[in-house]
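Spelled out, the chains give:
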Amino acid sequence: MNSPLPASNYRGRFAPSPTGPLHFGSLVAALASCLDARSQGGAWLLRMEDVDAPRNVPGAAEAILTCLEAHGFAWDGPVLWQSTRLEAYQAALEQLLAEGKAYPCACSRKEIAAASSRPALDGGLLYPGSCRAGLPPGRSPRAWRLQVDSERVSFEDRIQGRQSQDLARDVGDFVLFRADGQFAYQLAVVVDDAFQGINQVVRGADLLDSTPRQLFLQQQLGYPRPVYAHLPVATNGAGEKLSKQTRAPALEVARAAANLVEALRFLGQAPPDELARATVAEVWAWARRHWQFAAIAPGRGRVWPPA
Ligand code: GLU
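Residues numbered from 1 in each chain as written. Predicted model: local features only at pLDDT ≥ 70, side-chain atom pairs only at ≥ 80, totals over all residues. Heavy atoms only, no water.

**Q** Help me understand the packing of aromatic side chains in this model?
**A** Pairs of aromatic rings are described using the distance from one ring centre to the other and the angle between the two planes. Counted according to the given criterion, the structure contains 9 aromatic pairs. For the pair Phe155 and Tyr228, a centre-to-centre distance of 6.0 Å together with 65° between the ring planes defines the contact as edge-to-face. Of this pair, Phe155 sits in strand E6 (residues 152–157) while Tyr228 sits in strand E10 (residues 227–231); the two residues are 73 residues apart in sequence, bridging distant segments of the chain. Neither residue differs from the other here; Phe155 and Tyr228 are each classed as buried. Residues Phe177 and Phe183 carry aromatic rings whose centres are separated by 4.8 Å and whose planes lie at 70° to one another, so their mutual orientation is edge-to-face. When its relative accessible area of 17% is taken as the criterion, Phe177 is described as buried. Its relative accessible area of 7% is what places Phe183 among the buried residues. Above the face of the Phe195 ring, Arg85 is positioned so that its terminal group lies 3.8 Å from the ring centre. It is Arg158 that lies over the ring of Phe293; its NZ or CZ is 3.8 Å from the centre. (Phe/Tyr/Trp six-rings, centres within 6.5 Å; stacked < 30°, edge-to-face > 60°. Helix = DSSP H or I, 4+ residues; strand = E, 2+ residues; numbered from the N terminus. Buried < 20%, exposed > 50% of the residue type's maximum accessible area, 1.4 Å probe, protein only. Lys NZ or Arg CZ within 6 Å of the ring centre and 35° of its normal.)

**Q** Can you help me understand the site of the ligand in this one?
**A** With respect to spatial proximity, the complete set of residues near the ligand consists of Arg13, Ala15, Ser17, Glu49, Tyr185, Val189, Arg203 and Leu207. Between a nitrogen atom of the ligand and a main-chain N or O atom of Ala15, the distance comes to 2.7 Å. Between the ligand and Ser17, the relevant distance is 2.8 Å, taken from a nitrogen atom to a side-chain nitrogen or oxygen of the residue. Taking 300 Å² as the accessible area of the ligand by itself, protein coverage stands at 79%. For the shell around the ligand, the per-class residue count stands at 4 nonpolar, 1 polar and 3 charged. (Near = heavy atom within 4 Å. Polar contact = N/O pair within 3.5 Å; in protein donor to acceptor, adjacent residues only side chain to side chain. Areas by Shrake-Rupley, 256 points an atom, 1.4 Å probe, with all protein chains shown as cover. Nonpolar A, V, L, I, M, F, W, Y, C, P; charged D, E, K, R; others polar.)

**Q** What am I meant to see in the packing of helix H8 (residues 256–266) against helix H9 (residues 280–290) here?
**A** Each packed pair of helices is defined by two parameters, the angle between the axes and the distance between the axes. Here H8 crosses H9 at 20°, and the two axes come no closer than 8 Å. Taken together, the axis directions place H8 and H9 in an arrangement best described as roughly parallel. Pair H8 / H9 crosses with left-handed handedness. In this structure, H8 contributes Ala256, Ala257, Leu260, Val261 and Leu264 to the contact, and H9 contributes Val280, Val283, Trp284, Trp286 and Ala287. (Axes fitted to C-alpha atoms, helices over the stretch in contact; angles between N-to-C directions. Parallel < 35°, antiparallel > 145°, perpendicular 65-115°, else oblique. Left-handed = near helix turned anticlockwise from the far one by under 90°. Contact = heavy atoms within 4.5 Å.)

**Q** Help me out: how do you make sense of the nonpolar core in this one?
**A** Side chains of nonpolar character tend, in soluble globular proteins, to be buried together. Ranked by size, the top nonpolar core spans 48 residues in total, and within it Phe24, Leu31, Leu68, Phe73 and Leu231 carry the most contacts. Breaking this core down by element, the ones donating at least two residues are helix H1 (24–39), strand E2 (43–48), helix H2 (60–70), E10, H8 and H9. The greatest single-element share of this core, amounting to 10 residues, is contributed by H1. Not counting residues up to four positions away in its chain, the partners in contact with Leu68 are Phe14, Leu22, Ala30, Leu46, Phe73 and Trp75. Leu93, Val171, Ala188 and Val191 belong to the second largest nonpolar core, which has 29 residues in total. (Core = buried A, V, L, I, M, F, W, Y, C linked by side-chain atoms within 4.5 Å.)

**Q** Just to check I follow, could you spell out the side chain of Asp50 for this structure?
**A** With respect to the element layout, Asp50 can be found in the loop between E2 and H2. One buried charged side chain, Asp50, makes no salt bridge at all; its nearest oppositely charged neighbour is Arg47, positioned 8.6 Å away. Reaching out from Asp50, the side chain makes a polar contact with the backbone nitrogen of Gln82 at a distance of 3.0 Å. Only 2.7 Å separates the side chain of Asp50 from the side chain of Ser83, close enough to count as a polar contact. Setting aside chain neighbours within four positions, we find Asp50 in contact with Pro18, Asn56, Trp81, Gln82 and Ser83. (Lys, Arg positive; Asp, Glu negative; His and termini not counted. Salt bridge = Lys/Arg side-chain N within 4 Å of Asp/Glu carboxyl O.)

**Q** Hey, could you run me through the packing of H1 against H9 in this one?
**A** H9 packs onto H1 with a crossing angle of 60° between their chain directions and a minimal axis gap of 9 Å. With respect to their mutual orientation, H1 and H9 come out oblique. H1 and H9 meet at a crossing whose hand is right-handed. Between H1 and H9, the contacting residues are Leu31, Cys34, Leu35 and Arg38 on the first element and Trp284, Ala287 and Arg288 on the second. Residue classes in the contact of H1 with H9 are distributed as 5 nonpolar, no polar and 2 charged.

So, to be careful, I would describe these as geometric facts and stop short of saying anything about function.
Given below as structure tokens:
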């Protein structure tokens, strides 16, 4: 029998958004984050990112949990639901406001479009800072923003190498609480990673450009900085990320073992062909014995299945 791995202080997580069923891309992130944690004797937590109420699809969260279980995932402790954490996000926002790091903003989309000089990294418009010095007379707040500065935010990604971003130039003062009354993903993820003691984040490279915002926010809130690893994301032949928008198929539970084997291949591992016909437990046993983080090739995206 294998002797148990030494306990470590590694704490990782998988944080799906219940906007649809799990697809191959989410399986890759779940599997890599879990195997990386377990191979280092660490904890692996599950967080349901249902903070963006308008985007939640009824039944999707439960379907995700069932699908993960059918694929043999076992997480530590109860699932953390972001919808139960609104008071914590409010407290973080109030802290930032009290310290003069965040401010209310009255601008409509139209006003931002009229005053903005260039696009932001995410394809939106760079906020021109109109309400930084205070709300114009007679206007009420629509959103709350975090004030950024022009110091570069840099970090060393375990897969993608050195990353660096100038938040003032590339992103602008970003939204913490949205005009539609929802806390922004950036705030929720940072507050929850700190709350759950997450010190290792393994997730898709579609979030690589968000990471500097999260690092800056952690610093503003006085939180520790986790280590990050951004996995290449599976794309179709046109280079589009597999997602609901690109009609990525939901994972078939009946093919769980084969799905896991395919995800291992995507992650640069070399499972033997016959493993696709093994049981889910056998695939996990192989994966835990042979997991090699270093085999994951850098790059933001990879066409899957390969031509
Ligand atoms: N909930 C996000 C998503 O499904 C992931 C957040 C994260 O891993 O930080 O894209």
